Amino acid sequence: MVGMLGAAPAAHAQGHVVVTPKLDWITAAHLAEEAVRACAAQGYSVTASVVDPTGHQQAVIKGDSVPLQSLSVSYRKAYTAYAYGLAFNMNTTSELIAARVSGPPNGALNTIPEVLFVPGGVTLRRVGDNAVLGGIGVSGAPGGEKDEACAQAAVAKFRSDFH
């Protein structure tokens, strides 16, 4: 049996470690902070969450007067933008909704705890090869389109750091 393990195909000659690109914590924190700042400039108190390629929260910034549910909603928007943006090559939760990626008519995908097909999430992509690095979600403004605009403003400001 040991001899069989040594006869691995040449494709495995490089080793068995998978390296996944992700943003560093400083950039993730800057994104969340900028999204909250962009919405605050318009008079909206929001929560912004950034998820990494594992789907876990990497950075969270809460505005001063956000409702309790904005924490989980911002995370779910970020997760959905990441996971389904990756799967369907889309860049926002609004694009996913417009493309009717939200699943069967019974809304079954919305029953997955982390998934939420509501505007306000943006897929984070590496400059150059467009590899998915995670997602950002914003919640708390009066309407998902306003949340998404704040997330997009943050991405636009820091996009040059995504390499």
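Details of the structure are given in the entry above.
So, a few notes on the structure that sits alongside this text. (Residues numbered from 1 in each chain as written. Predicted model: local features only at pLDDT ≥ 70, side-chain atom pairs only at ≥ 80, totals over all residues. Heavy atoms only, no water.)

## Focus: the environment of Ser74
The cut-off we apply is this: Segments assigned H or I by DSSP are reported as helices when at least four residues long, segments assigned E as strands when at least two residues long, and all are numbered from the N terminus. Here a residue-residue contact requires only that any non-hydrogen atoms of the pair lie within 4.5 Å.
Tracing the backbone shows Ser74 in helix α3 (residues 70–88). In the structure, Ser74 is positioned 28 residues away from Val46 in sequence and 8.7 Å away in space, judged by C-alpha atoms. Those residues in contact with Ser74 that sit more than four places away from it in its chain are Thr47, Ala48, Ser49, Gly137, Val138 and Ser139.

## A few points about the state of the cysteines
Just so we agree on the cut-off: Two cysteine sulfurs form a disulfide in these notes if their separation is within 2.5 Å. Relative accessibility decides the category of a residue: with a 1.4 Å probe and only protein chains considered, values under 20% of the type maximum give buried, values over 50% give exposed, and everything between is partly exposed.
Counted according to the given criterion, the structure contains one disulfide. Across a sulfur-sulfur distance of 2.0 Å, Cys39 and Cys150 are joined as a disulfide pair. Across the disulfide from Cys39 to Cys150, rotation about the S-S bond amounts to roughly 110°, and the bridge is consequently right-handed. With Cys39 in helix α2 (residues 25–40) and Cys150 in helix α5 (residues 144–158), the pair connects residues that are 111 residues apart, well separated along the chain. Here the two residues Cys39 and Cys150 agree in accessibility, since each one is buried.

## A word on the packing of α2 against α5
Quick note on the threshold: A fitted line through C-alpha atoms serves as each axis, taken over the contacting stretch for helices, and the angle formed by two N-to-C directions is quoted from 0 to 180°. Any angle from 65 to 115 degrees is called roughly perpendicular, while one under 35 is roughly parallel, one over 145 is roughly antiparallel, and all others are oblique. Put simply, a crossing is left-handed when the front helix is turned counterclockwise from the back one by less than a right angle, and right-handed when it is turned clockwise. Under the scheme applied, nonpolar residues are Ala, Val, Leu, Ile, Met, Phe, Trp, Tyr, Cys and Pro; charged residues are Asp, Glu, Lys and Arg; polar residues are all the others, including Gly.
Two elements in contact, α2 and α5, have axes separated by 8 Å at closest approach and are oriented at 130°. Compared by their axis directions, α2 and α5 come out oblique. As for how α2 packs across α5, the hand of that crossing is right-handed. Contact residues: α2 offers His30, Leu31, Glu34, Ala35, Ala38 and Cys39, while α5 offers Lys146, Cys150, Ala151, Ala153, Ala154, Val155, Lys157 and Phe158. Counted by class, the contact of α2 with α5 contains ten nonpolar, one polar and three charged residues.

## A short note on the pattern of salt bridges
Inclusion rule: Take a side-chain nitrogen of Lys or Arg and a carboxyl oxygen of Asp or Glu: if they are within 4 Å of each other, that pair is a salt bridge.
Summed over the entire model, instances satisfying the criterion amount to seven salt bridges. The salt bridge partner of Arg37 is Glu33, with a shortest N-O separation of 3.0 Å. Of the two residues, Arg37 and Glu33 are both situated in helix α2; the distance of four residues between them amounts to about one turn of the helix. Owing to a relative accessible area of 43%, Arg37 belongs among the partly exposed residues under this scheme. The class for Glu33 is partly exposed, based on a relative accessible area of 34%. Its salt-bridge partner being Glu145, residue Lys146 comes within 3.3 Å of it at the nearest N-O pair. For Lys146, a relative accessible area of 27% translates into the label partly exposed.

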